[in-house]
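Per-entry structural report
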Amino acid sequence: MFSRFYSIMDVGIQGELPSKVEKIRMLNVLNLLTLLVSFVYTANYVFILKEDCAALYNVMLTGGFVFVFLLSYFHCHKAAKITYFSFVLLHLFLFTNLFFTKESGFHFYYFLVPMGVLLLFELKEIILKMIFSVAAALLFLYSENTLNPDPLIILNSATNHILYQSVFLVNMFAIVLALTLFSKQIEKHELELVKQATTDILTGIKNRRCFFEEGEQLLIEANKTKQSATLLLLDLDFFKSINDKYGHSVGDECLVQVASVLQSLDFKNKVCARIGGEEFALLLPHCGPQRGILIADKIRVQIERLVIMNKNENVVKCTTSIGVSYNMTNQENLKALLEKSDIALYEAKDNGRNRVASYSEHG
Ligand SMILES: Nc1nc2c(ncn2[C@@H]2O[C@H](COP(=O)(O)OP(=O)(O)OP(=O)(O)O)[C@@H](O)[C@H]2O)c(=O)[nH]1
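Residues numbered from 1 in each chain as written. Predicted model: local features only at pLDDT ≥ 70, side-chain atom pairs only at ≥ 80, totals over all residues.

Quick word on the sheet that holds strand 3 (residues 279–285)
- The strand order 2-3-1-6-7 describes an open sheet built from five strands, whose pairing is mixed. Because the sheet does not close on itself, it has two edges, and the strands there are strand 2 (271–274) and strand 7 (356–358). Neighbour-to-neighbour, the strand axes of this sheet turn through a mean angle of 15°, independent of strand direction.
- For strand 1 (residues 229–236) and strand 3, the ladder comprises seven bridges, and the chain directions are antiparallel. When the sheet's bridge partners are listed, Leu231 is paired in strand 3 with Leu283. (Pairing = 2+ DSSP bridges. Helix = DSSP H or I, 4+ residues; strand = E, 2+ residues; numbered from the N terminus. Axes fitted to C-alpha atoms, helices over the stretch in contact; angles between N-to-C directions.)

Some thoughts on the site of the ligand
- Around the ligand lies a shell of 17 residues, among which Asp237, Phe239, Lys240, Gly251 and Gly277 are the nearest.
- Contributing elements (two or more residues each) for the shell around the ligand: strand 1, helix 9 (239–246) and helix 10 (248–264).
- Here the shell around the ligand is built from residues that sort into five nonpolar, five polar and seven charged. (Near = placed C-beta within 6 Å. Nonpolar A, V, L, I, M, F, W, Y, C, P; charged D, E, K, R; others polar.)

Looking at unusual backbone geometry
- One non-glycine residue, Asn330, lies in positive phi territory at about 55°.
- Tracing the backbone through its elements, the reader meets Asn330 in the loop between strand 6 (320–326) and helix 12 (334–350).
- Here Asn330 falls in the partly exposed class, since 15 other C-beta atoms lie within 10 Å of it.
- Phi angles above zero are rare outside glycine, and Asn354 is one such case at about 50°.
- With respect to the helices, strands and loops of the structure, Asn354 is situated in the loop between helix 12 and strand 7.
- Residue class for Asn354 comes out partly exposed when judged on the 19 C-beta atoms lying within 10 Å of it. (Buried ≥ 20, exposed ≤ 12 C-beta atoms within 10 Å, placed from the backbone.)

A closer look at the confidence of the model for the protein
- Confidence in the prediction for the protein averages 92 pLDDT; 98% of positions are at 70 or higher.
- The ipTM for the predicted assembly is 0.96, set against a pTM of 0.71. (pLDDT = per-residue confidence, 0-100.)

Focus on the domain arrangement of the protein
- Here the protein is described as being made up of domain 1 (2–198) and domain 2 (208–358).
- Computed from C-alpha coordinates alone, the two centres of domain 1 and domain 2 are separated by 55 Å. (Domains from an automatic or database assignment.)

Considering the nonpolar core
- By size, the foremost hydrophobic cluster in this structure holds 43 residues, and its most contacted members are Leu232, Val258, Leu262, Ala281 and Ile322.
- By size, the runner-up hydrophobic cluster in this structure holds 28 residues, among which are Leu27, Phe85, Val88 and Phe121. (Core = buried A, V, L, I, M, F, W, Y, C linked by C-beta atoms within 7 Å.)

Brief notes about the pairing of strand 1
- Summarising burial for strand 1: eight of the eight residues are buried, a large majority.
- By the alternation rule, side chains of strand 1 split into Ala229, Leu231, Leu233 and Asp235 and Thr230, Leu232, Leu234 and Leu236, which are all buried.
- Here seven bridges tie strand 1 to strand 6, and the two strands are oriented antiparallel to one another. Paired with Leu233 across the strands is Gly323, a residue of strand 6.

Below, the structure is given as structure tokens:
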């Protein structure tokens with residue numbers, strides 16, 4: 001049952017850009033709900049009000065919403081939205097001004113149109129938004145100020161009152177639903193933005209900005225509690241030659257695999273990031289220099305053993321030099337620690353690369 005509901009929600013999303021998928025899903029949800037509400041009204045006309053004629057007209061108009069699903073299915077998304085709102089307006093107009101009278105309260109459904117339009121149309125589709133919203137407002141005013149002295153279906157006042165109340169209940173539900181969908185959409189976009197702002201796009205690990213934010217916090221905590229924190233600064237060796245010899249895509253693959261070595265390191269609360277082109281940093285809380293050096297060497301060996309192939313299936317050798325330092329005085333901030341690790345890194349490079357060096361105060 002639920003899987004069927006989800007497949008209806010996903011009609012027409014295949015192959016669409018992620019930025020569009022949300023709105024397509026929302027149209028599917030609203031269209032499905034419109035169909036359900038319409039179905040409830042039809043059942044009400046048949047079984048409670050005994051107005052078969054109204055039920056028949058309702059079923060015929062409801063066909064328009066099935067057509068909207070077809071348009072979505074064939075990826076005609078703009079046409080689907082236009083058709084959806086056109087049918088909503090037509091449906092409301094006919095029921096308020098032809099079949100029933102304004103006593104049914106059907107014209108209060110026009111309130112939902114500008115809200116739906118806001119949810120479903122893109123920001124740039126401002127003209128369409130305006131057209132449907134203004135049309136809904138004008139049709140509402142027309143219905144409110146026009147008597148329909150000769151309705152096709154004459155309802156008594158008790159029946160009109162039932163319909164009137166149903167309109168308000170459905171309106172309330174629709175407003176809550178729309179606000180929920182809207183806030184969920186905003187929340188999702190916010191999470192996406194935070195992810196984009198903190199993640200390195202190539203490797204999927206944290207980026208430089210995030211490293212500085214989280215690393216600084218971690219270091220403040222470590223200094224406050226007089227705990228050691230060790231910083232490993234990694235720089236791939238002769239990476240320019242890898243790019244030059246095998247191409248940029250092989251270079252990228254090296255970066256991705258190195259990042260996954262760092263990410264897979266089993267160390268609680270580590271902060272690991274790509275902070276430059278071929279430069280990575282790893283901050284380890286509750287870790288003294290000896291242990292830091294052991295971990296750095298383990299990582300160095302793991303990277304040395306990576307099996308990276310170029311397109312001719314030749315194994316590409318990728319090694320790294322690592323500089324290690326720690327918060328010796330419990331005073332250092334992240335910038336100071338990075339400078340120390342950088343000095344150690346240069347020592348590792350100068351001594352032949354593919355090695356670990358640790359910072360010492362005495363050079
Ligand atoms: N493939 C790829 N290369 C990158 C990326 N970012 C930076 N680089 C390359 O990394 C290389 C860094 O080269 P260098 O700074 O000369 O360092 P190196 O060749 O590794 O030499 P040493 O560090 O001295 O061992 C440059 O050629 C950059 O173009 C990236 O995202 N992908």
